[in-house]
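The residues making up each chain are set out below.
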Amino acid sequence: MTFIRPEIIRPPSEHASYYLPLTSGCSNNSCTFCNYSMSRLGIRDLDEVKREIDAVSLYMNHHVRVSEQPEIVYMILRRWNGEKIFLQDGDALIYPYAKLVEALEYLNEKLPGVERIASYATPQDILRRSVDELRALKDLKLGILYMGVESGDDGVLKRICKGVTHDQIVEAAGKVKASGILLSVTVILGLGGLKGSQRHALETARILTEMDPDYAGALTLTLIPGTPLWDEFERGEFDLISPFDSLRELRTIVEKSDFTDCFFSSMHASNYFAIRGRMPADKERVIKQLDTILAKRDPALLRPEFLRGL
Ligand code: SF4
């Protein structure tokens, strides 16, 4: 089957990376809030991946273009500094392990100047791999995995069809940490709805504490037309929390979580208010910042709805 190059969806911190597709869509295309839930997983032929790596190497070393490659390759290359690579798509860690190793070995051989390779990974992808397998990927410069946790509340995880439990997510995080690969996770404010808001926030703080990631980011739920959660909302079966309630959830998560050393932020464009800090050092400052905005309840202090993004 012809592989269709996916659109570029990547973590904000990968803005300067070269985006190399190994897959398209997501293997766990079931989460009810996510636009990948409407996608089908595509696995790219390894030879095609290698031909793109060859083209990248040729351009970086000799400024030569290969006509077979699509224009997007050169649009990315024109502003790429040669340091970071992000493997697309929704969970490139699903790429068959032996082929993933071969692709990374080839990358290292052709582009020895690359410093770090990154990928999204579902907890399921990580649980399928042994710590030794993950360590082998780290030796091939896979330096960071981005994992969507969404919630620590088993009830929410079940309702959104995440396909894993609180404990399984914690187990996956433990494997990543044991391998030495950096772990960056995201949680979603508002995913528990109105009734489940408090429990969602408390359980999310608990799972973050148990995972103890290197980076944690809070996003705010944005309903996407066509997704199952959008339909639940339309049928009146799911309530959105207010912007200030999302900040209350954020405050609970910051207050109740206990990290060893984690960069925590709500810088993502979906959020109504951005906080950032290294935890635990900045915890009190961030809580004070949130208390101030929660006390004022001034909508002018929030990111306007039209500026929010996915
Ligand atoms: S695992 Fe992640 S990318 Fe895949 S459908 Fe769920 S939220 Fe979306």
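One can find the structure itself at the top, above this paragraph.
Residues numbered from 1 in each chain as written. Predicted model: local features only at pLDDT ≥ 70, side-chain atom pairs only at ≥ 80, totals over all residues. Heavy atoms only, no water.

Enquirer: Hey, could you go over the sheet that holds strand E6 (residues 142–150) for me, with residue numbers and the actual values?
Expert: Taken in spatial order, the 8 strands of this open sheet run E1-E4-E5-E6-E7-E8-E9-E10, and their pairing is mixed. Every other strand in the sheet has two partners, leaving strand E1 (18–21) and strand E10 (276–279) as the edge strands with one partner each. In this sheet, adjacent strand axes meet at a mean angle of 20° when their direction is disregarded. This element, helix H7 (residues 166–179), spans E6 and strand E7 (182–189) of the sheet and lies at about 170° to E6. Where helix H8 (residues 197–211) meets the sheet, it contacts E6, E7, strand E8 (215–220) and strand E9 (262–265), and its direction lies at approximately 180° from that of E7. (Pairing = 2+ DSSP bridges. Helix = DSSP H or I, 4+ residues; strand = E, 2+ residues; numbered from the N terminus. Axes fitted to C-alpha atoms, helices over the stretch in contact; angles between N-to-C directions. Contact = heavy atoms within 4.5 Å.)

Enquirer: I'd like a rundown of the packing of H7 against H8, residues and numbers included.
Expert: Between H7 and H8, the shortest axis-to-axis distance is 9 Å and the interhelical angle comes to 30°. Here H7 lies roughly parallel to H8, going by the angle between them. In this structure, the crossing between H7 and H8 has a hand that is right-handed. Residues His 166, Ile 169, Val 170, Ala 173 and Lys 177 of H7 form the contact with H8, whose own contacting residues are Glu 203, Arg 206, Ile 207, Glu 210 and Met 211. Split by residue class, the contact of H7 with H8 holds 5 nonpolar, 1 polar and 4 charged. (Parallel < 35°, antiparallel > 145°, perpendicular 65-115°, else oblique. Left-handed = near helix turned anticlockwise from the far one by under 90°. Nonpolar A, V, L, I, M, F, W, Y, C, P; charged D, E, K, R; others polar.)

Enquirer: Run through the packing of aromatic side chains, naming residues and quoting values.
Expert: Counted under the stated rule, the structure contains 6 aromatic pairs. Plain terms: the ring middles of Tyr 18 and Trp 80 are 5.5 Å apart, the flat faces sit at 55° to each other, and that makes the pair tilted. One end of the pair, Tyr 18, is in strand E1; the other, Trp 80, is in the loop between helix H2 (71–78) and strand E4 (84–88), with 62 residues separating them in the sequence. Grouping aromatic residues by their ring pairs yields a cluster made of Phe 86, Tyr 120 and Tyr 146. Across from the ring centre of Tyr 106, 5.2 Å away, lies the NZ or CZ of Lys 50, which sits over that ring. Stacked on the ring of Tyr 74, the Lys or Arg Arg 65 has its end atom at 4.4 Å from the ring centre. (Phe/Tyr/Trp six-rings, centres within 6.5 Å; stacked < 30°, edge-to-face > 60°. Lys NZ or Arg CZ within 6 Å of the ring centre and 35° of its normal.)

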